[in-house]
Amino acid sequence: MTTTTTPTPSAPGLGERLRTGFGLLGPRHPRHALPVEQADTLSLPIGDDGVVVGVNSEGQPAVLGVNRPTAYDMVLIGGLWTAQVMALRSAATGARVAVETGRPQAWMQMVHAMGGGQNGLSVYDVGRVPPQGASAGTPVLVVRDCGMRPPRGRVVSGPWQSVLTLLPYLSPVAPRLLRQARLAGIQRVSPDEAAELGRTMGLSRTEVESLPALPDGVTLWCTDRDRQYVLTQPTDAEIGLLGTPRRMD
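On a predicted model such as this, the values are computed, not experimentally measured, just so you know.

## Regarding helix α3 (residues 80–92)
For α3, which comprises 13 residues, the first-to-last C-alpha distance of 18 Å matches the rise-based estimate of 18 Å (1.5 Å per residue) to within 8%. The buried fraction of α3 is high, at 11 of 13 residues. Of all the residues in α3, the buried ones are Leu 80, Trp 81, Thr 82, Ala 83, Gln 84, Val 85, Met 86, Ala 87, Leu 88, Arg 89 and Ser 90.

The following block contains the structure:
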């Protein structure tokens, strides 16, 4: 007696599956499986969240967490160029930037380039910054460009509203501002200013001696527990708008 065997239908090919709407084939386990003992070696190349202000001494991106749910005060003893780059890059992360300044003409080119208004950069006279209505969805960076002796501001740091105070040189109000700040940036200063900053901020002898010789575009960023030299490298668009890095304005 002859037995007839019914052939089993073969699995549909890739082309047929795509035509019938099943989508792409998923990964194959033998090719993507990871032994349990190697799980600890798995990592993702994700850095800190924030504004990239440059590269550190190892060539890695240096990131400042500007948009925070808590009050955050920063002081930059340095040039207008660096403060403006920080404002541009903060706006690129979705923050609104409010500038309090006694030299509005120095910011007008940026205002026009960024569109101004609620979705860009706004410039106000000293003491005239209105409440900004910062929130998690619309964080705010207030840049205080008010000279050597900035008055106490009407708008202060708070949840999702950080304040960056720019000082061109070490002034009599600098020690108070530095004590209040959670982050301080120092660019090239005189030897006397470097010595004073060393005493105020507890800098090492090597750091104090480096400050008078810092190149343009280099900032020593300091927190209570960390020190980091950062080189701010402008993009072509930033050079076109602001020029090349410089300490003096």
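## Quick look at helix α6 (residues 191–201)
Among the residues making up α6, those that are buried are Glu 193, Ala 194, Leu 197, Gly 198 and Met 201. Buried residues along α6 cover an arc of 140° about the axis, so they all sit on one side. Across from the buried face of α6, at angles greater than 90 degrees, the exposed residues are Pro 191, Asp 192 and Arg 199. Tucked into the core, α6 has its buried residues touching β3 (72–77), α5 (174–180), β8 (183–186), α7 (205–210), β9 (218–222) and β10 (227–231). Phi turns positive one or two residues past the end of α6, at Gly 202, with a value near 70°.

## Considerations on the side chain of Thr 101
Within the secondary structure, Thr 101 sits in strand β4 (residues 96–101). A distance of 3.0 Å separates polar atoms of two side chains, one belonging to Thr 101 and the other to Asp 145. If near-sequence neighbours (up to four positions away) are discounted, Thr 101 is found in contact with Trp 107, Val 123, Tyr 124, Asp 125, Val 126 and Asp 145.

## Remarks on empty space enclosed by the protein
Under the criterion given, the structure shown has 2 cavities of 30 Å³ or more. Of the pockets and cavities examined, the second largest cavity occupies roughly 30 Å³. In terms of lining, the second largest cavity is formed by Val 53, Thr 82, Val 85, Met 86, Arg 89 and Thr 232. If you tally residues by element for the lining of the second largest cavity, the top one is α3, at 4 residues. The residue makeup of the lining of the second largest cavity, split by class, is 3 nonpolar, 2 polar and 1 charged.

## Some remarks on the layout of surface pockets
Where empty space is left in the structure can be found by rolling a water-sized probe over the atoms. Counted as a void, the second largest pocket has a volume near 270 Å³. Lining the second largest pocket are 17 residues, with Asp 73, Arg 144, Val 156, Leu 177 and Gln 180 positioned closest to its centre. Residue classes in the lining of the second largest pocket are distributed as 9 nonpolar, 4 polar and 4 charged.

## A few points about the nonpolar core
Counting 30 residues, the largest nonpolar core has Val 53, Trp 107, Met 110, Leu 121 and Trp 221 as the members making the most contacts within it. Counting residues per element, this core draws most heavily on α3, which supplies 7 residues. Excluding anything up to four places from it in sequence, Trp 221 contacts Val 53, Leu 64, Val 75, Leu 76, Met 86, Leu 183, Ala 184, Gly 185, Asp 226, Arg 227, Gln 228 and Val 230.

## Some remarks on the environment of Gln 228
For Gln 228, the position within the fold is in strand β10. Judged by relative accessible area, Gln 228 falls into the partly exposed class, the value being 28%. Sequence separation of Gln 228 and Gly 185 is 43 residues, and the distance between their C-alpha atoms is 9.4 Å. Apart from the residues within four sequence positions on either side, Gln 228 is in contact with Asn 56, Ala 62, Thr 219, Leu 220 and Trp 221.

## What to know about the confidence of the model for the protein
Averaged over the protein, the pLDDT score is 86; the fraction of residues at 70 or greater is 79%. Scored below 50 in pLDDT, residues 43–47 makes 0 contacts in the model with residues more than four places away or belonging to other chains.

Reading the values: the criteria
Residues numbered from 1 in each chain as written. Predicted model: local features only at pLDDT ≥ 70, side-chain atom pairs only at ≥ 80, totals over all residues. Heavy atoms only, no water. Helix = DSSP H or I, 4+ residues; strand = E, 2+ residues; numbered from the N terminus. Expected span 1.5 Å × (residues − 1). Buried < 20%, exposed > 50% of the residue type's maximum accessible area, 1.4 Å probe, protein only. Arc of directions from axis to C-beta. Contact = heavy atoms within 4.5 Å. Polar contact = N/O pair within 3.5 Å; in protein donor to acceptor, adjacent residues only side chain to side chain. 1 Å grid on protein atoms, 1.4 Å probe; cavity = no way out; pocket = protein on both sides within 12 Å on 5 of 7 lines; lining within 4 Å. Points joined across faces, edges and corners; volume = space filled by probe spheres on them. Nonpolar A, V, L, I, M, F, W, Y, C, P; charged D, E, K, R; others polar. Core = buried A, V, L, I, M, F, W, Y, C linked by side-chain atoms within 4.5 Å. pLDDT = per-residue confidence, 0-100.

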